[in-house]
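Structural description and commentary
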Amino acid sequence: MNRFFLIANKDKDKDFIMTGKIKALIENMGGECYIRKSDVPENASSKYSYTNPDEIPENIDCIIVLGGDGTLILAARDLVRLDIPFIGVNFGNLGYLAEVEKQDIEETIYKLIEGKYNIESRIMLSGTVYRDGEELKSNVALNDIVVGRSGSLRVIDFNIYVDGIFLNQYTADGIIIATPTGSTAYNLSAGGPIVEPSANIVVLTPVCAHTLNTRSVVLSAESGIEIEICEDRHNTADCCDDEKIVSFDGNSNIKLIPGDRIKISKSELDTKIVKLSNKSFVEILQKKMSIK
């Protein structure tokens, strides 16, 4: 690798100090470096974009993202069609995706330029919302697609179908459809399983389901999943239909109404992550889980 594009989260890299250091390191080692100084906050809403694909110069070998896992995920979604591998420098907490620590920057740049790395493909999900049989909107997600609520404390009633077969009806705060990459995010917080990143599966995890026998369901990534939003059981004047939403990696929210259907499948796109460490997933997981 010789040509790099840097995306820096201003909230994480104050005054872009580390960004400047990395640029200097790359150039001192004979590489080329271009910078996108993003002022987008980590909890950005759907109106924000980390970068426009048209802003990326030609023949970029690697995109380096400075921030946390959230920064990398949003950047990957924005640029996934460019098919450029990503590597993340961890300015966050756990950093499952952004595996490079700040103190290891110089060694990281050396390995990238010298070709001492592997590239790991991560599956993504494609989701499409249908209303009255017509396509409303589509998007992709690296971590998860989540059906939830944005305002009211009322639960949501929805049906789940897998490959056209009815699976279950849920009464819950929502449901998470997670990739292996996203298994350590919201899915984990909701009690779902941790999945090895290279696995070709998806996980369905209800959020605070109102039943005693509801657990996560693990499916092949080739499965077609459909979520049907049911009529509100309260059906009162103060119950707002627009309190139900579907989100893609925590943003790009789409408001839902009863009768809407969300069809989810494995995307034809994937995200390529640069791996420098030879440590197994279990070794990395043990280290992350031991952090207090």
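Residues numbered from 1 in each chain as written. Predicted model: local features only at pLDDT ≥ 70, side-chain atom pairs only at ≥ 80, totals over all residues. Heavy atoms only, no water.

This paragraph deals with the sheet that holds strand β15 (residues 244-248). Sheet architecture is open: 6 strands sit in the order β13-β12-β11-β8-β15-β16, paired in antiparallel fashion. Whereas interior strands pair on both sides, the edge strands pair on one side only; in this sheet they are β13 (217-220) and β16 (251-256). Sheet twist, expressed as the average angle between the axes of neighbouring strands with direction ignored, equals 20 degrees. As paired elements, strand β12 (residues 201-207) and β13 share 4 bridges and run antiparallel to each other. Looking across to β13, one finds that V203 is bridged to V218. (Pairing = 2+ DSSP bridges. Helix = DSSP H or I, 4+ residues; strand = E, 2+ residues; numbered from the N terminus. Axes fitted to C-alpha atoms, helices over the stretch in contact; angles between N-to-C directions.)

Counting across every chain of the model gives 13 salt bridges. Residue E32 pairs with R3 through a salt bridge whose shortest N-O separation is 2.7 Å. Residue E32 is located in strand β2 (residues 32-38), and its partner R3 is located in strand β1 (residues 3-9); the two are separated by 29 residues in the primary sequence. The partner of E99 in a salt bridge is K275, with the nearest N and O atoms 2.9 Å apart. With a gap of 176 residues between them, E99 in the loop between β4 (86-90) and β5 (100-101) and K275 in strand β17 (residues 261-275) connect regions that are remote in the sequence. One salt-bridge network, held together by shared partners, links D83, D270 and K272. (Salt bridge = Lys/Arg side-chain N within 4 Å of Asp/Glu carboxyl O.)

So, about helix α1 (residues 17-28). Taking 1.5 Å of rise per residue, 12 residues should cover 16 Å, and α1 covers 17 Å from first to last C-alpha, within 8% of that figure. Regarding α1, the residues found buried are M18, T19, I22, L25 and I26. Projected down its long axis, α1 shows its buried positions confined to an angular sector of 125 degrees, all on one face. Turned more than 90 degrees off the buried face of α1, the exposed positions are I17, K21 and N28. (Expected span 1.5 Å × (residues − 1). Buried < 20%, exposed > 50% of the residue type's maximum accessible area, 1.4 Å probe, protein only. Arc of directions from axis to C-beta.)

This part takes up unusual backbone geometry. The phi dihedral of D163 is positive, around 55 degrees, even though this residue is not glycine. Locating D163 in the fold gives a position in the loop between β9 (156-162) and β10 (165-172). Residue classification places D163 among the exposed positions, given a relative accessible area of 52%. Look at S252: it is not a glycine, yet its phi comes out positive at around 50 degrees. Looking at where S252 falls in the secondary structure, it is placed in strand β16.

In this section: the environment of L82. Inspection of the secondary structure puts L82 in the loop between α2 (69-79) and β4. Considering only alpha carbons, one finds L82 and P53, 29 residues apart in sequence, at a separation of 7.3 Å. With sequence-adjacent residues up to four places away left out, L82 is seen in contact with P53 and I56. (Contact = heavy atoms within 4.5 Å.)

In this model, the chain carries a mean pLDDT of 86, and residues with pLDDT of at least 70 account for 89%. This stretch, residues 40-48, has a pLDDT under 50; its non-local contacts, to residues over four places away or in other chains, come to 21 contacts. (pLDDT = per-residue confidence, 0-100.)

So, on to the side chain of N187. Position of N187 among the secondary structure elements: in helix α4 (residues 186-189). Of the residues examined, N187 reaches a relative accessible area of 0% and is grouped as buried. At a separation of 2.9 Å, a polar atom in the side chain of N187 contacts the main-chain carbonyl oxygen of P193. Other than its neighbours up to four places away in sequence, N187 contacts I176, A178, G182, G192, P193, V203 and T205. (Polar contact = N/O pair within 3.5 Å; in protein donor to acceptor, adjacent residues only side chain to side chain.)

Glancing now at the packing of aromatic side chains. On inspection of all chains with the given rule, the structure shows 2 aromatic pairs. Ring geometry for F158 versus Y170: centroids 5.5 Å apart, planes at 25 degrees, classification stacked. With F158 in strand β9 and Y170 in strand β10, this residue pair connects regions lying 12 residues apart in the sequence. Pair check on accessibility: F158 and Y170 agree, each one buried. Taking the centre distance of 5.6 Å and the plane angle of 65 degrees together, the rings of Y161 and F166 count as edge-to-face. The ring of F91 has K102 sitting right over it, with the charged end atom 4.8 Å from the ring centre. One residue, K263, lies across the ring of Y130, its end atom 5.0 Å from the ring centre. (Phe/Tyr/Trp six-rings, centres within 6.5 Å; stacked < 30°, edge-to-face > 60°. Lys NZ or Arg CZ within 6 Å of the ring centre and 35° of its normal.)

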